[in-house]
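# Architecture and fold: a report
As a plain string of letters, each chain reads:
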Amino acid sequence: MYHAYWHRSCHWEKAILKAVPHVLGRTDWDQQALAVLNPNAEYHYGGEILRDIFYEEKNRVMSQRPVIMSTISFPTYKGYDVILKVANILKNEMHLDFEWKVFGNVEPHMMEAHTGLKHEDVNVCLCGVAFAEQLRDTLLSSTLYFHPSYMENSPNSVGEAQLVGIPVVASRVGGTDSMVEHGKTGLLFPVTDPYIAAYYVGRMINDINENIKIGKAAHDVALRRHDKVSIVNSLIETYKEMIL
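### Brief notes about helix α8 (residues 194–206)
Under the 1.5 Å per step criterion, the end-to-end length of α8 is 18 Å for 13 residues, consistent within 8% with the ideal 18 Å. Of the residues making up α8, those classed as buried are P194, A197, A198, Y200, V201, G202, M204 and I205. For α8, the capping residue at the N-terminal end is D193, with a side-chain oxygen 3.2 Å from the backbone nitrogen of Y195.

Given below as structure tokens:
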């Protein structure tokens, strides 16, 4: 049933994209996909306003024990298996001590059976669904944010982590490389290579100076990218262009 739902959704999304004259997007992936599906449509950039609490200026206070944070949901393409594999490498091959807090409505049983890894054995804590304030406060005390998705465009969770000033280690899929400049505002890894992901996580744990530098750079970029006033003004101008 889930597979059939995705087939229907893809069919209708393609049909709509092929029929419209204007499309708003946020990433290079958006623009490139549109160029394939509907080269006659006009592409417009439209920024994303995030939740208010993530714009508040708060100081990072990293916990003494490294904390990795992720926010995902139950679909398999969100990468829960990637988290398990990377956590296993960090603990059992790199011998790092850490806690990995995973928020969201995760259904662990299928992927834990598939990987042969149980979250409690690799220092992963399933924290459930949380309010924005709890997520913000956890980010501020975390060493890094990890985004493991197999399919993505412009994840709000990555933008929120960058807004509060912590480095992001993310899979290089979809539009994430429009949000994360590798080595400057975060680190990107091939989603099928948990060893590279583990290396970047270990790097952010072991090199605090680089960690802080990347976090600050990400914060500065995210403030401009998600600026509420400029996004609203730009959107108004775009709508004016569309109706002329």
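### Observations regarding the nonpolar core
If you look at the biggest cluster of nonpolar residues, it comprises 33 residues, and the most contacted ones within it are I68, V86, L90, W100, F146, V169 and V201. Counting residues per element, this core draws most heavily on helix α3 (residues 80–92), which supplies 8 residues. Among residues more than four places away in sequence, those in contact with I68 are L90, F98, E99, W100, K101, L144, F146 and V201. Formed by 23 residues, the second largest nonpolar core is a distinct cluster that contains V158, V168, A170 and A222.

### Comments concerning the side chain of N123
Following the sequence through the fold, N123 ends up in the loop between α4 (109–115) and β5 (124–128). Here N123 falls in the buried class, since its relative accessible area comes to 18%. Side-chain polar atoms of N123 contact the backbone oxygen of F98, separated by 2.9 Å. If we skip the residues at most four places from it in the chain, N123 touches R65, K91, D97, F98, E99 and W100.

### Quick look at the packing of α3 against α8
Running from amino to carboxyl end, α3 crosses α8 at an angle of 60°, the nearest separation of the two axes being 9 Å. In this view, α3 runs oblique relative to α8, as classed from their interaxial angle. Note on packing geometry: the crossing formed by α3 with α8 is right-handed. Across from K85, V86, I89 and L90 in α3, the residues of α8 making contact are P194, Y195, A197, A198, V201 and G202. Residues of the contact of α3 with α8, tallied by class, amount to 8 nonpolar, 1 polar and 1 charged.

What counts and what doesn't
Residues numbered from 1 in each chain as written. Predicted model: local features only at pLDDT ≥ 70, side-chain atom pairs only at ≥ 80, totals over all residues. Heavy atoms only, no water. Helix = DSSP H or I, 4+ residues; strand = E, 2+ residues; numbered from the N terminus. Expected span 1.5 Å × (residues − 1). Buried < 20%, exposed > 50% of the residue type's maximum accessible area, 1.4 Å probe, protein only. Polar contact = N/O pair within 3.5 Å; in protein donor to acceptor, adjacent residues only side chain to side chain. Core = buried A, V, L, I, M, F, W, Y, C linked by side-chain atoms within 4.5 Å. Contact = heavy atoms within 4.5 Å. Axes fitted to C-alpha atoms, helices over the stretch in contact; angles between N-to-C directions. Parallel < 35°, antiparallel > 145°, perpendicular 65-115°, else oblique. Left-handed = near helix turned anticlockwise from the far one by under 90°. Nonpolar A, V, L, I, M, F, W, Y, C, P; charged D, E, K, R; others polar.

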